[in-house]
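Notes for the structure review
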Amino acid sequence: MFSPSSFSVVVTDKKRTGIETVSGVTPGATSRASAMVFEDPVSLRLKADLHRIAPSDATVLIIGETGTGKELVARYIHANSARKDGPFLAVNCGAFSETLVEAELFGHEKGAFTGAARSETGWFEAAHGGTLLLDEIGDLPPPMQVKLLRVLQEREIVRVGSRKARPIDVRLIAATNVNLEAAVAAKSFRKDLFYRLAIATVNIAPLRARRGDIEPLANYFLRLYGAKLGRPMPVLAPEALAKLTAYHWPGNIRELENVLHNALLLTPEAHISDVPIVEAFDAPHAEEVADFETRLRGLLETAIAQGEKNLFDRVTRSLVSVALDLERGNQVHTAERLGMSRNELRTHLGHMGVIAPRKKSRPEKDREEKRTPARSAPNVVRLGFQKFGTLAALRALGSLDERLRLFGYHAEWREFSAGPAVLDAIGRGEIDIGVTGEAATVFALAMGVPFFYVGYESPAPTDVALVVADPRLCSIDDLKGKRVAFSRWSNADHFLTTALNIRGLSRDDIEPVYVPPTLDLLEDLREGAIDAWAIWEPLLSAARMGSKTHVLLDGSGFVENHQFYVARRHFACGQPQIVDAILAEIRALGATPRERAEEELGAVARCLHLDRQVARHYLHRLDFEPKPLDFHVIGQQQSIADGYFAAGQLPARVSIEGAVWRGA
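In this report, the structure presented in the accompanying data block is examined. This one's a predicted model, so the numbers in the text were calculated from it and none came from an experiment. (Residues numbered from 1 in each chain as written. Predicted model: local features only at pLDDT ≥ 70, side-chain atom pairs only at ≥ 80, totals over all residues. Heavy atoms only, no water.)

**Comments concerning the overall build of the protein chain**
Using the following cut-off: Where helices and strands are cited, they refer to DSSP runs of H or I of at least four residues and of E of at least two residues respectively, numbered from the N terminus. Residue burial is assigned from relative accessible area. The probe radius is 1.4 Å, only protein chains are included, and a residue is buried under 20% of its type maximum, exposed over 50%, and partly exposed in between. Here, residues are in contact when the closest pair of their heavy atoms is within 4.5 Å. In this description, accessible areas are obtained by the Shrake-Rupley approach with a 1.4 Å probe, and a residue is regarded as covered only by the protein chains that are shown.
Helix and strand content of the protein chain: 30 helices and 21 strands. Within the protein chain, the proportion of its 664 residues that are buried is 50%. Long-range contacts, defined as pairs at least 24 residues apart, comprise 74% of the intrachain contacts of the protein chain with a sequence gap of at least 6. Of the accessible surface of the protein chain, which amounts to about 30500 Å², a share of 53% is contributed by carbon and sulfur atoms.

Given below as structure tokens:
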């Protein structure tokens, strides 16, 4: 990474180039890149995230491949924060021996060890009032991880050889090019430290996934090194630029910089017609050593950036085909391996031509012919579901797929970690219908997401709760300073905020851990990596039925805990009969006798990876009875929106009634 002593400020025309420079230069520093490029759409989204994160004092974890500019991002956060007039220091955790790293970070007293001729301040003290970047945080030895965790908790350090605690005022930013979640799973990185660091997470895309940045970066490096070589106006030929754009860039921005510097050294002319890319270090080797998720993401990012057609269908077909081959054609095992119902798998296989389309009975054909005109190919309804939500159960049972087929439509399911992501996908036109909670819809309306409320489920205040494992935590007041995990802008978030406010507390009184809901968090709770967890069904049932955990407080008397069915406005206006059909199928499921629910229990348990007892409890608690919003529910939702607006958390006042669907 770039060291603090190797930065320089380069003044550029941001409007013309899309480049912004980052300040914070050590006097006498040598010249090196200090440009942040925000031209590719991926980079523009990163910039928006940075401007949301920078004003707070939250700890930030920056994740990105080697050479993507993690230190530049850290400096950008610092330069746009309230600490911008304070120091910015960067430390590479892998640069120190295990015996010296504590003294380097926290300082030492005279005589603390052999060679300690005088007292020295450490990096934390030196960064007091400013920002400290710990680069390659994954290289920190396990004993130091424990001590760093304590520093983050207590906001004080103790020098080596001293017993005096010294308070510090430092914003910590950590950076890594490794998968810390995998390191946690391998027990080489502490889970509780990971949660402390990942309060705000920034993922920097590799250069191959933001090719719109390559040309402005290339021009910047040519000007930078051209000026140093006395050739201030070098120009890239179109064929050279095409070569740069087509390359994989396993070394990312650092490799691009070196290639262009080398090109200037090898080409005396101002017109650069070729660039010396060393193909031996191409992306495939880097991809082979990356973890599965990183490799998959890189492949998809490249495909999207290159404008590959019909990508969703091609990826889906490949996934189903590979799983079917591995299971030697066994459809039941293939469905289990992919986490879907057999009906849904057979739908995919029918569209792929692997099996013949399901034959319809004469009554079914008659109904289909009456309801829809003949089509050359089925239309698609894209449904967004949260893994632990009403639509997840519907997807597992497969009945909605059958009903939509009668209308000549094909259901495509897409999973999301939380409600805000569902609404974001609706805003981008990626899905048509989803289910989400009270808070997420309010924030989406304020952000201009074009959706309708098309129905709601009955209030379920006891289906959201705060769960703890420590018996000493007996009330909401006991959560002061504790690590509380929850999914941001979810119903659990709304419940937690409401419960804190009633006790005169706020989110500033706890340490939020923003994480999507997974069963793994139960183990984190029991091990003390988190102190409390705000969660909803069916994970709440898993917590209630498990050992060593108990419910501290549920939503009774605090929130209604509504679930809302939402639809993209264009879709609801254009296909109202499909919206009605979906709601009707959900109601039909709610009217299903308990005996049939027992028969379908296995499918739900497999799809959601739940214990059968938890899945049974989950199914029996769901109403499956979407109702149109009445004035009472609209008023409740408007009160929530007005409360967030009064607290300054919404950019504009919203009208709930104006977003309610009135049907066909």
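**Describing helix α30 (residues 631-646)**
The test is simple: Given a helix with a known number of residues, its expected span is that number minus one, times 1.5 Å.
Between the first and last C-alpha of α30 there are 22 Å, a value that for 16 residues agrees with the 22 Å anticipated at 1.5 Å per step. All of the buried residues along α30 are Val633, Ile634, Gln636, Gln637, Gln638, Ile640, Ala641 and Tyr644. Looking at the buried positions of α30, the neighbouring elements they touch are α21 (438-446), β15 (451-456), α22 (491-502) and β21 (563-568). Positive phi appears at Gly648, one or two residues downstream of α30, with a value of about 80°.

**Here we look at helix α11 (residues 252-266)**
An α-helical turn contains 3.6 residues, so a residue and the one three or four places further along point in the same direction. With 15 residues, α11 ought to run about 21 Å at 1.5 Å a step, and its terminal C-alpha atoms sit 21 Å apart, in line with that. Listing the buried residues of α11 in full gives Asn252, Ile253, Glu255, Leu256, Glu257, Val259, Leu260, Ala263 and Leu264. Here the buried face of α11 lies against α9 (214-228), β10 (235-236), α10 (238-246) and β11 (271-272).

**Thoughts on the nonpolar core**
Going by this rule: To define a nonpolar core, start from buried Ala, Val, Leu, Ile, Met, Phe, Trp, Tyr and Cys residues and group those joined through side-chain atoms within 4.5 Å.
Membership of the largest hydrophobic core comes to 69 residues, with the highest contact counts inside it found for Phe124, Leu134, Ile137 and Leu466. Other than its neighbours up to four places away in sequence, Ile137 contacts Leu61, Cys93, Leu148, Ala174, Ala175, Thr176, Leu180, Phe189 and Leu197. Formed by 32 residues, the second largest nonpolar core is a distinct cluster that contains Leu383, Ala411, Trp413 and Phe624.

**Some remarks on the packing of aromatic side chains**
Stated formally: When two rings of Phe, Tyr or Trp (its six-membered ring) have centres within 6.5 Å they constitute a pair, described as stacked for plane angles under 30 degrees, edge-to-face for angles over 60, and tilted for the intermediate range.
Enumeration according to the criterion identifies 10 aromatic pairs in this entry. Judged by centre distance (5.1 Å) and plane angle (75°), the ring pair of Tyr453 and Phe564 falls under edge-to-face. With a gap of 111 residues between them, Tyr453 in strand β15 and Phe564 in strand β21 connect regions that are remote in the sequence. Grouping residues by exposure puts Tyr453 and Phe564 together as buried.

**Notes on the pairing of strand β13 (residues 409-416)**
Each regular strand displays side chains that alternate between the two surfaces of the sheet. Worth spelling out the cut-off: Paired strands, as defined in this entry, are two strands with at least two bridges between them according to DSSP.
The element β13 is extensively covered by neighbouring structure, given that six of its eight residues are classed as buried. Across eight bridges, strand β12 (residues 379-386) lies against β13 in parallel orientation. If you follow Gly384 over to β13, its bridge partner there is Arg414.

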